[in-house]
Protein chains: 2
Amino acid sequence: MPQISHRAEILPASPIRKLVPYADAARQRGTHVYHLNIGQPDIETPQTFWDAIRNVDMKVVAYSHSAGNLGLRKGIAKYYNRIGHDIASDDVLVTTGASEALQFILGATLNPGDEIIVPEPFYANYLGFAGLIDAKVVPLTTRIEDSFALPDAEAFKQLITPRTRAILICNPGNPTGIIYPQETLELLRDIVLEHDLFLISDEVYREFAYDGYVHRSVLGLEGLEDHAIVTDSISKRFSACGARIGAVITRNQTLMGAILKMAQARLSPPGLGQLGAEALYQLPPTYFDSIAAEYSARRDLLLERLRAIPGVTVPRVNGAFYAMVQLPVDDTDEFCRWMLESFSYKGATVMMAPGAGFYATPGLGKNEVRVAYVLNQQDLYEAMECLGEGIIAYQKMKSLAQHAAGQPT
Amino acid sequence: MPQISHRAEILPASPIRKLVPYADAARQRGTHVYHLNIGQPDIETPQTFWDAIRNVDMKVVAYSHSAGNLGLRKGIAKYYNRIGHDIASDDVLVTTGASEALQFILGATLNPGDEIIVPEPFYANYLGFAGLIDAKVVPLTTRIEDSFALPDAEAFKQLITPRTRAILICNPGNPTGIIYPQETLELLRDIVLEHDLFLISDEVYREFAYDGYVHRSVLGLEGLEDHAIVTDSISKRFSACGARIGAVITRNQTLMGAILKMAQARLSPPGLGQLGAEALYQLPPTYFDSIAAEYSARRDLLLERLRAIPGVTVPRVNGAFYAMVQLPVDDTDEFCRWMLESFSYKGATVMMAPGAGFYATPGLGKNEVRVAYVLNQQDLYEAMECLGEGIIAYQKMKSLAQHAAGQPT
């Protein structure tokens, strides 16, 4: 049998999706599964999306422009103008989700063996996207005790080598929920200018900022016209994950030209999703206010219920809809699987994403999980109750197992 | 300014799309453009697709399974069963068009620097997909005089090195229109078994076979269970290019496991397109008969009209909806651009894909173009009339230019 490629062999399974078979089995046993593992909001996709889809007036669902329909690109540019950035439709290229945007960006900026510095914990699939092009993710560790704030410039500089080509941040943070303050962005600007690096910012959670925190885009940093690249998406912003519509935003026209060649090779982004997306970008800004209010209330509930569980640590969370949570267990890979395989409470269990998959440094995150607060408050309340009971039952099971093995507890 | 990656720099622009700005400019001047450059059929997407889209009953357009909705995978497996292949839904992974299928397959089989043998002329974007993962396309030249038939095993063996990992064919052929006979497939089987290579077959044009030619899939070759990989798509089969729904089909579960990890990293294929695709796979086989009859008639018209133009050579074409055509000009890159920039006949011009972009060997294909017969017969007739006039005008222009420069004609 022919060998598969090395990159395919070492590609880590997604921590967000690898437990899916166990969740499927739990459902087949009749157990309800609260999905806190994946950033799939339960918020309804706005009606205007469905109207655009249902009223589609085409005979042929044809390829679109490789960079995306001009109407959608103009709509996205206008959205950026409204939030204060001088972006033209030529600075926007529509992609198949932010996933493809990142693949294009990494493919256009990193050679095989090149390095990209990413604060960890990070969105696990960054590893997969870098792995596909044989580039190396160099993690910059941030700590739950610091609410995952970035360290100082010195910490970055210690990681920069002649192979370093870019820094990639996620802001607001998946999985951390952090929103970087202006001084952090300015620190990053100084570093990338000094070392002539790209600064790639995943801003798909831009509208999810709570407690008066204001999200700032790298597009607003002066002097970074050629360095700043934003990856964006309608998935979270408009609760339209399945439409698979994202975008690359950059003023660097050389880079955009290279990315357009990649985009042409794959012909075009999804046609129907683009129709819906164009309608979504016509929504008034007040739409985001109502959604942010709902997520903010969920976050309040989540933090309150998590902190009521003995042994659980959860840092400050000001944005996105995730929290990295420390649990009183040794190995969340095992615990999350056990929750699906062996536990239920009131006929239900909770699915979370084990933390280790969000770190590149071996050994980190083993007692953490990523929780996505994408369920309504009632479900979230019940999921937290279930998690609390699960932790107690798991600790009891482990203790009994250790007794049985004659080990001291 | 930071450097873009080497692979992005050397990535060739798509020969199918690189002339788009000139076509846009022609349209702005009021010139109608007959698009024979791109495999975008004018055949209507079947009503069942639109019904599925218009009757969508969802509140949230959510991520699907990373391998695609089970209903669609079952529908695709059933289609393969019907055409005689023992394929289960687990052997099918739904992708964002055949483009993504090929990216997954190449990414899972080729390391950087590995080689893949591809008969040329080939679908130009294979170069782009291989380039993205820094693998090397090794062309095996086939000739228009032979109607692009594959040479014997010796020709393959001369190209095989320790870095060779796979052979990639397109059958029915884009851009050649060839359908490989059973003995060619068996020759390929023997080669890949002897050298333990993957045999990747792009079969998106499977249903487009004329004159009693029968398409045979590599899935039907015994002994290739671990070697054969098919890339498929609804784009051409159902005239649904913009839906961006393709698939990987393989019985090699190790390979499929690796591809699933890649698929999980990008979350899911387009949701709305999958809905439409599931409906399309319910269509009866008679659907394909009516479509093939239409393309066959177009092909007849195309070949007749092309052969009536002095100096034009066009080989036998039995499948797909393309022909590689030799024109009486020196450089089709220049000629195709001139047709868009400087020529019109009865208010219209013709856009074709210059041939050189379909070859990896420098210098080949310079007097060829790929023509996609995706327009109705009336348009096709007019496009051929326009092309004939264009060739005469171009030759006259070139002759005058040479006279003016004092060169002998």
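The following refers to the structure shown. Fair warning: this is a prediction, and the values are worked out from it, not measured in the lab. (Residues numbered from 1 in each chain as written. Chains lettered and ligands numbered in written order. Predicted model: local features only at pLDDT ≥ 70, side-chain atom pairs only at ≥ 80, totals over all residues. Heavy atoms only, no water.)

Quick look at the sheet that holds strand β12 (residues 368–372) of chain A now. Residue and element names in this part refer to chain A. The three strands lie next to each other as β9-β12-β11, forming an open sheet whose pairing is antiparallel. The two strands at the open ends of the sheet, each matched to only one other strand, are β9 (322–326) and β11 (353–354). Examined bridge by bridge, β11 and β12 share two bridges and lie antiparallel to one another. The residue bridging Ala353 from the neighbouring strand is Arg370, located in β12. (Pairing = 2+ DSSP bridges. Helix = DSSP H or I, 4+ residues; strand = E, 2+ residues; numbered from the N terminus.)

Turning our attention to the sheet that holds strand β12 (residues 368–372) of chain B. All names here are of chain B. Taken in spatial order, the three strands of this open sheet run β9-β12-β11, and their pairing is antiparallel. At either end of the open sheet lies a strand with only one pairing partner, and these are β9 (322–326) and β11 (353–354). Sheet analysis places β9 next to β12, joined by five bridges and oriented antiparallel. Bridging from a neighbouring strand, Ala323 pairs with Val371 of β12.

With an omega of -5 degrees, the peptide bond between Asn171 of chain A and Pro172 of chain A qualifies as cis. Relative to the assigned elements, Pro172 of chain A resides in the loop between β5 (164–170) and α8 (182–195). Positioned with a positive phi, Ser239 of chain B is a non-glycine residue whose angle comes to about 55 degrees. Residue position: Ser239 of chain B is located in the loop between β7 (228–233) and β8 (246–250).

What follows is about the nonpolar core. Inside soluble globular proteins, nonpolar side chains tend to come together where they are buried. Membership of the largest hydrophobic core comes to 206 residues, with the highest contact counts inside it found for Ile167 and Phe335 of chain A together with Ile167 and Phe335 of chain B. Ignoring sequence-local partners within four residues, the contact set of Ile167 of chain A consists of Ile116, Ile117, Phe156, Leu188, Ile191, Val192, Leu197, Phe198, Leu199 and Ile200 of chain A. (Core = buried A, V, L, I, M, F, W, Y, C linked by side-chain atoms within 4.5 Å. Buried < 20%, exposed > 50% of the residue type's maximum accessible area, 1.4 Å probe, protein only. Contact = heavy atoms within 4.5 Å.)

Turning to the interface of chain B and chain A, a few remarks are in order. Reports often express the size of an interface as the amount of accessible area lost when the parts come together. With 83 residues of chain B at the contact, the number on the chain A side is 82 residues. Summed over both partners, the interface of chain B with chain A comes to about 6,600 Å²; 58% of that surface belongs to carbon and sulfur atoms. Here chain B and chain A share zero salt bridges between them. The element best represented in the side of chain B that touches chain A is helix α9 (residues 253–265) of chain B, accounting for seven residues. (Buried area = accessible area lost by both parts, 1.4 Å probe. Salt bridge = Lys/Arg side-chain N within 4 Å of Asp/Glu carboxyl O.)

It is worth spelling out the relation of the copies chain B and chain A at this point. Of the transformation superimposing chain B on chain A, the axial component is 0.0 Å and the angular component is 180 degrees, with the fit at an RMSD of 0.0 Å. The two molecules are tied by a two-fold rotation axis, judged by turn and shift. Proximity to the rotation axis, assessed at the C-alpha, singles out Arg54 of chain B in chain B; its C-alpha lies 2.1 Å from the axis. Taken together, the interface assignments show that 99% of the residues at the interface of chain B recur at the interface of chain A, consistent with an identical surface on both copies. (Least-squares fit on C-alpha atoms with pLDDT ≥ 70 in both.)

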